[in-house]
Protein chains: 4
Amino acid sequence: MNHHDTTAQMIGAHPKKPIFKQDALENLIDTLYECSEACNTCADACLGEKDVNNVVRCIRTCIDCTDICQTTARASSRQTEVDPEILRALVQACRTACESCASECDKHSAHMDHCRICAEVCRRCADTCHSFMI
Amino acid sequence: MNHHDTTAQMIGAHPKKPIFKQDALENLIDTLYECSEACNTCADACLGEKDVNNVVRCIRTCIDCTDICQTTARASSRQTEVDPEILRALVQACRTACESCASECDKHSAHMDHCRICAEVCRRCADTCHSFMI
Amino acid sequence: MNHHDTTAQMIGAHPKKPIFKQDALENLIDTLYECSEACNTCADACLGEKDVNNVVRCIRTCIDCTDICQTTARASSRQTEVDPEILRALVQACRTACESCASECDKHSAHMDHCRICAEVCRRCADTCHSFMI
Amino acid sequence: MNHHDTTAQMIGAHPKKPIFKQDALENLIDTLYECSEACNTCADACLGEKDVNNVVRCIRTCIDCTDICQTTARASSRQTEVDPEILRALVQACRTACESCASECDKHSAHMDHCRICAEVCRRCADTCHSFMI
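Basis of the calculations
Along each chain, residue indices are assigned from 1 in the same order as the chain's sequence is written. Working convention: letters from A go to chains and numbers from 1 go to ligands, in the order in which they are written. Reporting in this predicted model follows two pLDDT cut-offs: at least 70 for local features of residues, and 80 or more for side-chain atom pairs to be given and counted; totals over whole chains, interfaces and linings ignore these cut-offs and use all residues. Excluded from the side-chain calculation are hydrogens and water; included are all heavy atoms of the structure. Helix numbering and strand numbering both begin at the N terminus, where a helix is a DSSP run of H or I of at least 4 residues and a strand a DSSP run of E of at least 2. Each radius of gyration reported is based on C-alpha atoms, and the globular scaling rule is 2.2 Å times the count of residues to the power 0.38. Residue exposure (1.4 Å probe, protein chains only): buried if accessible area is under 20% of the type maximum, exposed if over 50%, otherwise partly exposed. Working rule for contacts: check all heavy atoms of both residues, and any pair within 4.5 Å makes them a contact. The least-squares superposition of copies is restricted to C-alpha atoms, and to residues with a pLDDT of at least 70 in both copies. Note on geometry: axes are lines fitted to C-alpha atoms, helical ones only across the stretch in contact, with angles between N-to-C directions running from 0 to 180 degrees. Roughly parallel refers to an angle under 35 degrees, roughly antiparallel to one over 145, roughly perpendicular to one between 65 and 115, and oblique to any angle outside these ranges. Each crossing is labelled by how the near helix is turned from the far one, with a counterclockwise turn of less than a right angle marking it left-handed and a clockwise turn marking it right-handed. Classes in brief: Ala, Val, Leu, Ile, Met, Phe, Trp, Tyr, Cys and Pro nonpolar; Asp, Glu, Lys and Arg charged; the others, Gly included, polar. Buried area adds together the accessible area that both of two parts lose upon being put together, with accessible area traced by a 1.4 Å probe. For this document, the term salt bridge refers to a Lys or Arg side-chain nitrogen within 4 Å of an Asp or Glu carboxyl oxygen. Any N or O atom pair separated by 3.5 Å or less is treated as a polar contact, with the protein-specific requirement of one donor-capable and one acceptor-capable atom, and with residues adjacent in sequence counted only for side-chain atom pairs. The criterion for an aromatic pair is that two Phe, Tyr or Trp rings (for Trp, the six-membered ring) have centres within 6.5 Å, with stacked assigned to planes under 30 degrees apart, edge-to-face to planes over 60 apart and tilted to the rest. Residue-level confidence of the predictor, termed pLDDT, takes values from 0 up to 100. Cysteine sulfur atoms that pair up within 2.5 Å are treated as a disulfide.

## Overview of the overall build of chain A
Helices and strands together make up the secondary structure of chain A, namely five helices and zero strands. Tracing chain A from N to C terminus, the helices and strands come up as α-α-α-α-α. Here chain A has a C-alpha radius of gyration of 15 Å; the compact-globule value for 134 residues is 14 Å, and the two agree. In terms of principal-axis extent, the alpha carbons of chain A reach across some 50 × 35 × 20 Å. Buried residues in chain A amount to 67% of all 134 residues. Taking the intrachain contacts of chain A between residues at least 6 apart in sequence as the baseline, contacts between residues at least 24 apart amount to 70%.

This is the structure:
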C-alpha cells in the first residue's frame, strides 16, 4: 500500500460522505501532503547549499508553504461537520503560498534540482487548489 | 519571563525590522498562540465530556482552528523576506476559522466553561486578525 | 509523479548526502506521512460515528499520533546538520505512539474499516521506526 | 487575560482532572509554547543575519526544536485518556532537542541577542521537561 491508496481507503471508510467530489478531494489531499514535504525538504536543501545568502527568500517562502500545505491537508482530510467557508479561505491562502513559492524556486531551477522539483510541485498544488475552489 | 515578554524580546532582537507596526504584530502573535492553545484544549475537553455526540461540531471546528492559528502564529513571527500577500491570505483564513469556532463554542458556553473561555479567546483573536489586516 | 517519487527525488537532489541508508530513510519519511494522514482521518472518522463515546480513547490517541508522525516526518526529511540524538529520541517517541494507536484501533477493527486500516498503517510505521533505529 | 492565564483556566475547566500535578503541568505547557515560539523566531532571525552560512546548524536545530516543542505542548495539554508512555517519550525527545538547541545557540550568544534569549528559553524548557518526567 502507498500514501495515495491509504488516503483513498480512509476517505472511502469514513462514515460521512464527502461534500466535495471524492476524486478531486483525494487529489487535493495527496497533492497538499506532497507539496508540504517538497517545500520542507527544499528549505533544508537550500540551507545545505554552499552560498546560503543566495537562497534566503527561497528558504523563508518554502518554510511558510510547508506549514500552510500541511494545515490545509489536515483540514481537507476531515469530513465530519465540514465548514466550507473555513476550507475555502484556507485553500485560497494555500494557493497564494504555493504560487509565491513556485515563483521563488523557479529563479533557482537552473542551478538546483531541488528548487526545480519543488517549483513543479508547488505549481501543480496551486492549480489543484484553484480547481478545487471553482 | 513569560511568553509575551519572550515574543517581544525576540522580535526586538531580530535583525530585520518588522514591516508591520511592532505592537500590533506582537499582539497578533501572542493572541494566535493563545487561541491555538485554547482551541486545542477545548477540543480535548469536549472529548472528555459525558455526552460527546453533543459537541461533535465543536470538536471539529476547534481542531481546525488550532492548526490554522498555529500556522498563522509561526508565519507572522517570521520577519525575513516577508510576503505580505501570503500573510494577508493566512490571517484572513484564520479570522474565518476563529469566527466560526467562536460561534460554535458560544452554543455551549452556558454549560461548559471551557467553551465559554474558548469562545472569548476566539472572538478576540478574530478581532485581532481583522485589525491587523486593515 | 506521486508522493513517494517526490520524496526520493528531493532526497536525491539534496546537496547533503543522508547519514542514513537512503532507501531506509525514504521509506521512513513516506511511512510517517502516510501514518500521520491515516491517524488524522481516523480521528475525524471516529468523530463522525454514531456513538462517539465508544471511541474517545481512539480519537485521543490518533490525534497525538498524527502530530508526532508529522513532526518526525519533517525532521527526518532534513539532511543538513543532522543531530542523530534528536532524531533517535523522536523516532522512539513516534514508535511508542504508533504502537499505542495500533492497539487502540485494533479494538474497533471488526466494526470500523477506518480503524482497521489505521491500525495496519500504525503497526507498519512502528516497525519502520524500530528498524530505522537499529 | 494572557496566555498563561488562559492555559490555567482551560486546564481548570477541563472535565478530566490532570493525572499530573496541575502547577507542573501548566508550567510545562506554557514553557513548551514559549520555547516553540522562541526557536521559530530564532531560526528566522538567523536567516536574516548578514552571514547566514555561519548559523546553518543553529537554523536547522531551531527548526526541529520548534516542531518538537509544539507537538509536545499540544499533547501535554490534552487530559482525556492520557497515555503516560507516549507523553514520557515525547517529553524526553523534547528535552533532547532543547538541550541540543541551547548548546548551539550558546555559541552565538555573544553576538546575537536572539540566540542568547533562545538559548535561555531552551535551557529552561529542557529543565522543565526533565523535572516533569521525574
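Additional details are given in the paragraphs that follow.
## Points about the environment of Cys-65 of chain A
For Cys-65 of chain A, the location among the structural elements is in helix α3 (residues 56–77). For the pair Cys-65 of chain A and Glu-37 of chain A, spaced 28 residues apart in sequence, the C-alpha to C-alpha distance is 9.7 Å.

## A closer look at the relation of the copies chain C and chain A
Overlay of chain C on chain A (RMSD 0.0 Å): rotation 180°, translation along the axis 0.0 Å. In short, the pair behaves as if placed about a two-fold rotation axis. The fraction of interface residues of chain C whose copies in chain A are also interface residues reaches 100%, indicating that both copies meet through the same surface.

## Some points on the relation of the copies chain C and chain B
Placing chain C over chain B gives an RMSD of 0.0 Å and needs a rotation angle of 180°, together with 0.0 Å of translation along the axis. When the interface residues of chain C are mapped onto chain B, 100% of them are again interface residues, pointing to one common binding face.

## Quick look at the packing of helix α2 (residues 22–47) of chain B against helix α5 (residues 113–133) of chain B
Residues and elements named next belong to chain B. Running from N to C, α2 and α5 point in directions that differ by 150°, and their axes come no closer than 9 Å. The orientation of α2 relative to α5 falls into the category roughly antiparallel. The element α2 and its partner α5 pack so that their crossing is left-handed. Within the contact of α2 with α5, the residues separate by chemical class into 17 nonpolar, four polar and two charged.

## Looking at the interface of chain C and chain B
Every contact between the two is made by twelve residues of chain C and, on the other side, twelve residues of chain B. Carbon and sulfur atoms make up 58% of the area that chain C and chain B hide from each other, which totals about 850 Å². Taken as a group, Leu-47, Asn-53 and Val-56 of chain C account for 50% of the area that chain C buries against chain B, more than any other trio of residues on that side. Where chain C meets chain B, there are zero salt bridges. Where chain C touches chain B, the interface holds four residue pairs in polar contact (both at pLDDT 80 or more). Elements supplying a minimum of two residues to the side of chain C that touches chain B: α2 (22–47) and α3 (56–77) of chain C. With five residues, α3 of chain C is the single largest residue contributor to the side of chain C that touches chain B.

## Observations regarding the packing of aromatic side chains
All names here are of chain B. According to the stated counting rule, one finds four aromatic pairs over all chains in the structure shown. Between Phe-20 and Phe-132, the ring centres sit 4.8 Å apart and the planes meet at 50°, which makes this aromatic pair tilted. With Phe-20 in the loop between α1 (3–13) and α2 and Phe-132 in helix α5, this pair connects stretches of sequence that are 112 residues apart. The exposure class of Phe-132 is buried, given its relative accessible area of 14%.

## Overview of the environment of Gly-48 of chain A
Along the polypeptide, Gly-48 of chain A turns up in the loop between α2 (22–47) and α3. Residues Gly-48 of chain A and His-114 of chain A lie 66 residues apart in sequence; the distance between their C-alpha atoms is 11 Å. Excluding residues within four positions of it along the chain, Gly-48 of chain A makes contact with Pro-15, Lys-16 and Thr-80 of chain C.

## Some points on the packing of α3 of chain A against α3 of chain C
The interhelical angle for the contact between α3 of chain A and α3 of chain C, taken along N-to-C directions, is 150°, at an axis separation of 13 Å. When the axes of α3 of chain A and α3 of chain C are compared, the pair comes out roughly antiparallel. The element α3 of chain A and its partner α3 of chain C pack so that their crossing is right-handed. Residues Thr-66, Asp-67, Gln-70 and Arg-74 of chain A of α3 of chain A form the contact with α3 of chain C, whose own contacting residues are Thr-66, Asp-67, Gln-70 and Arg-74 of chain C. Split by residue class, the contact of α3 of chain A with α3 of chain C holds no nonpolar, four polar and four charged.

## As for the interface of chain C and chain A
Residue-level contacts link 39 residues of chain C with 39 residues of chain A. When chain C packs against chain A, close to 3,500 Å² is buried across both sides, 58% of that on carbon and sulfur atoms. We note a salt bridge from Asp-67 of chain C to Arg-74 of chain A, for which the minimum N-O separation is 2.8 Å. On inspection of chain C and its partner chain A, the count reaches 22 residue pairs in polar contact (both at pLDDT 80 or more).

## Section: the pattern of salt bridges
Oppositely charged side chains can form a pair if their charged atoms are brought close together. Going through the model one piece at a time under the given rule, you end up with 52 salt bridges over all chains. In this structure, Glu-81 of chain A and Arg-57 of chain B form a salt bridge, with 2.8 Å as the shortest nitrogen-oxygen distance. One end of the pair, Glu-81 of chain A, is in the loop between α3 and α4 (84–106); the other, Arg-57 of chain B, is in helix α3 (residues 56–76), on a second chain. Its relative accessible area of 34% is what places Glu-81 of chain A among the partly exposed residues.

## Some details on the confidence of the model for chain A
Of all residues in chain A, 99% have pLDDT values of 70 or greater, and the mean over the chain is 96. On the interface metric, ipTM, the complex scores 0.96, and its pTM is 0.97.

## Considering the state of the cysteines
Residues and elements named next belong to chain C. One pass over the full model with this rule turns up zero disulfides over all chains. Cysteine Cys-35 is unpaired, with the sulfur of Cys-122 as its nearest cysteine sulfur at 3.8 Å. On the basis of relative accessibility, which here comes to 0%, the residue Cys-35 falls in the buried class. Free cysteine Cys-98: the closest other cysteine sulfur is in Cys-69, separated by 3.8 Å.

## Overview of the side chain of Thr-61 of chain C
By the element assignment, Thr-61 of chain C lies in helix α3. Within polar-contact distance, the side chain of Thr-61 of chain C engages the backbone oxygen of Arg-57 of chain C at 2.7 Å. The residues touching Thr-61 of chain C, leaving out its near neighbours within four places in the chain, are Ser-100, Cys-101 and Glu-104 of chain C together with Ile-86 of chain D.

## So, the side chain of Asn-40 of chain B
Within the secondary structure layout, Asn-40 of chain B lies in helix α2. At 3.1 Å, the side chain of Asn-40 of chain B and the backbone oxygen of Arg-74 of chain D are in polar contact. Discounting chain neighbours no more than four positions away, the residues touching Asn-40 of chain B are Thr-66 of chain B together with Tyr-33, Arg-74, Ser-77 and Arg-78 of chain D.

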